[in-house]
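As a plain string of letters, each chain reads:
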Amino acid sequence: MATKLSKVAADKGIEYFLISFVDLFGSLRSKLVPARAIDGMQKDGAGFAGFAAWLDMTPAHPDMFAIPDPDSLIQLPWKPEIAWLASDLWMDGKPVEASPRVALKKQLAEAEKQGFRMKTGVECEYHLINEDGTDIADEKDTQSKPCYDQQALMRQYPVIKQICDSMIELGWGPYQNDHEDANGQFEMNWDFDDALKTADRQVFFKFMVKSIAELHGMRATFMPKPFSHLTGNGCHSHVSIWNLDGSQNLFNGENDSRGLGLSTLAYQFLGGIMHSADRLTAIFNPTVNSYKRINAPRTVSGATWSPSSITYGGNNRTHMIRVPDSGRFELRLMDGAANAYLMQAAILACGLDGIAGNRDPGDPLDINMYELGKDIEGYKQLPRNLLDALRLLEDSDVLRERLGDSIIDAYIKLKHTEWSGYASHLTQWERDNTLDC
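Residues numbered from 1 in each chain as written. Predicted model: local features only at pLDDT ≥ 70, side-chain atom pairs only at ≥ 80, totals over all residues. Heavy atoms only, no water.

(A) A look at the side chain of Lys 225. Its place among the elements puts Lys 225 in the loop between strand 12 (219-221) and strand 13 (235-242). Buried and without a salt bridge, Lys 225 has Asp 181 as its closest oppositely charged side chain, separated by 8.5 Å. Not counting residues up to four positions away in its chain, the partners in contact with Lys 225 are Leu 230, Thr 231, Gly 232, Asn 289, Lys 292, Arg 293, Ala 296 and Thr 299. (Helix = DSSP H or I, 4+ residues; strand = E, 2+ residues; numbered from the N terminus. Buried < 20%, exposed > 50% of the residue type's maximum accessible area, 1.4 Å probe, protein only. Lys, Arg positive; Asp, Glu negative; His and termini not counted. Salt bridge = Lys/Arg side-chain N within 4 Å of Asp/Glu carboxyl O. Contact = heavy atoms within 4.5 Å.)

Spelled out as structure tokens, the structure:
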């Protein structure tokens, strides 16, 4: 029997529900619904005007309705009278295909037909900054190599503890919190799970971190490169494929001749990612600012920890894809602006293409790409700006076939508008360098 949300509200003391969806730009949109009205919303959905969000719609389009998924319910640990619900968008009685969560569910359904179940984990890096966004929040956090710095970590213990305690309360299985490579930067890890659940949790995690930071007089940002001299915010994803009942990891390969502990299926999936990686960049790195992380010069810590070419290796963080141990790989390309649903959908779409086409990723590289990458040949480079990335995505037969023209065309159209706004903006750099031309 389907979960009745009004009964959940009565049992858990929930007074309001946030019925939410994520648009194509990854923005979280919601309506706050009192518990007295939730049964109607569960049946018919909460109405939204699509044009008011980043979706390719006009004011003439009819209402779209966000149908909440009861399985996604999360009661806010810091405001337990409110519960959050992820939703799927519908219009005229049909799912809105050009919406991120619907796109992910479509790929998961396709994988299920083939006997596959994708499980993922994410590493969401963020900076704690001052309220006006001009600097990091901790003025004492000044080391050139601050990664894992205990003093800096413990100075932010109150906010880190509240976030981690919240994840424990929610049953996510958090297992470590650390100060990352940039001053003011942190990462908090929790257990991997089915891809849809991971995506829902990633969306909520960003909302939760921002909300709790505000309670402590700070601001949290997942911006890919908020400070030019510091390491940017990545969103690494760990990927594996399982059988349908979740009892067997199909990426495990005991007799792997390449020595990484991966199965033939895993290499095919990996080959699909490698084949389309330059086309995927527009989804994984979706903002103008993203390319200041990918193509950044060396930071004060000595490394950007960001890829610039399409390579993979073993337990080696200088490659776009790292295989830290058997049965999974870590895709290190995505940044903090990546849409939680679209990035998982795109991973799976390209992985399934790799399986279908028996794509070979080639042999792994066992070199330091930051130092020696410039000396090797035969490996594609990642695009250097958003416009180049969008052009590559627009021409991707794989992503068009598997994600659908409607979502690709809508995404590209809206992102071109964003690029045009950026390109027409006059910067101080231009004044400094061309005023006297």
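(B) View of the packing of helix 3 (residues 100-113) against helix 6 (residues 195-215). Taken N-terminus to C-terminus, the directions of helix 3 and helix 6 make an angle of 160°; their axes are 10 Å apart at the nearest point. Accordingly, the angle class assigned to the pair helix 3 and helix 6 is roughly antiparallel. Crossing geometry of helix 3 relative to helix 6 is assigned as right-handed. Along the contact surface, helix 3 presents Arg 101, Leu 104, Lys 105 and Leu 108, while helix 6 presents Ala 195, Leu 196, Ala 199 and Asp 200. Looking at the contact of helix 3 with helix 6, its residues break down into 5 nonpolar, no polar and 3 charged. (Axes fitted to C-alpha atoms, helices over the stretch in contact; angles between N-to-C directions. Parallel < 35°, antiparallel > 145°, perpendicular 65-115°, else oblique. Left-handed = near helix turned anticlockwise from the far one by under 90°. Nonpolar A, V, L, I, M, F, W, Y, C, P; charged D, E, K, R; others polar.)

(C) Structural view of the pattern of salt bridges. Scanning the model with the defined rule gives 24 salt bridges in all. Across the pair Asp 69 and Arg 101 runs a salt bridge whose closest N-O atoms are separated by 3.0 Å. A residue pair is termed long-range when its members are at least 10 positions apart, and Asp 69 in the loop between strand 4 (64-68) and strand 5 (74-75) and Arg 101 in helix 3 qualify at 32 residues. Owing to a relative accessible area of 4%, Arg 101 belongs among the buried residues under this scheme. Here Lys 105 makes a salt bridge to Asp 88, at a shortest N to O gap of 2.7 Å. Of this pair, Lys 105 sits in helix 3 while Asp 88 sits in strand 6 (residues 82-91); the two residues are 17 residues apart in sequence, bridging distant segments of the chain.

(D) Examining the pairing of strand 2 (residues 28-34) more closely. Relative to strand 2, strand 1 (residues 16-22) is paired through 7 bridges, and the arrangement is antiparallel. Across the sheet, residue Ser 20 finds its bridge partner in strand 2, namely Ser 30. (Pairing = 2+ DSSP bridges.)

(E) Quick look at the state of the cysteines. In total, this model carries 0 disulfides according to the counting rule given. You can see Cys 235 has no disulfide; the closest cysteine sulfur is in Cys 124, sitting 4.1 Å from it. Residue Cys 235 is classed as buried on the basis of its relative accessible area, which comes to 1%. (Disulfide = S-S within 2.5 Å.)

(F) Representation of the nonpolar core within the structure. Core analysis: the largest hydrophobic core is formed by 124 residues, its most contacted members being Tyr 126, Ile 163, Phe 205, Phe 269, Phe 284, Phe 329 and Leu 331. If we skip the residues at most four places from it in the chain, Leu 331 touches His 236, Ser 237, Ile 273, Phe 284, Met 320, Ile 321 and Ile 347. Residues Ile 129, Ile 136, Ala 182 and Phe 227 belong to the second largest nonpolar core, which totals 5 residues. (Core = buried A, V, L, I, M, F, W, Y, C linked by side-chain atoms within 4.5 Å.)

(G) Fine view of unusual backbone geometry. One non-glycine residue, Asp 92, lies in the positive phi region at around 55°. You can see Asp 92 is positioned in the loop between strand 6 and strand 7 (94-95). Backbone geometry places Tyr 148, a non-glycine residue, at a positive phi of 65°. One can find Tyr 148 in the loop between strand 8 (117-129) and helix 4 (150-155).

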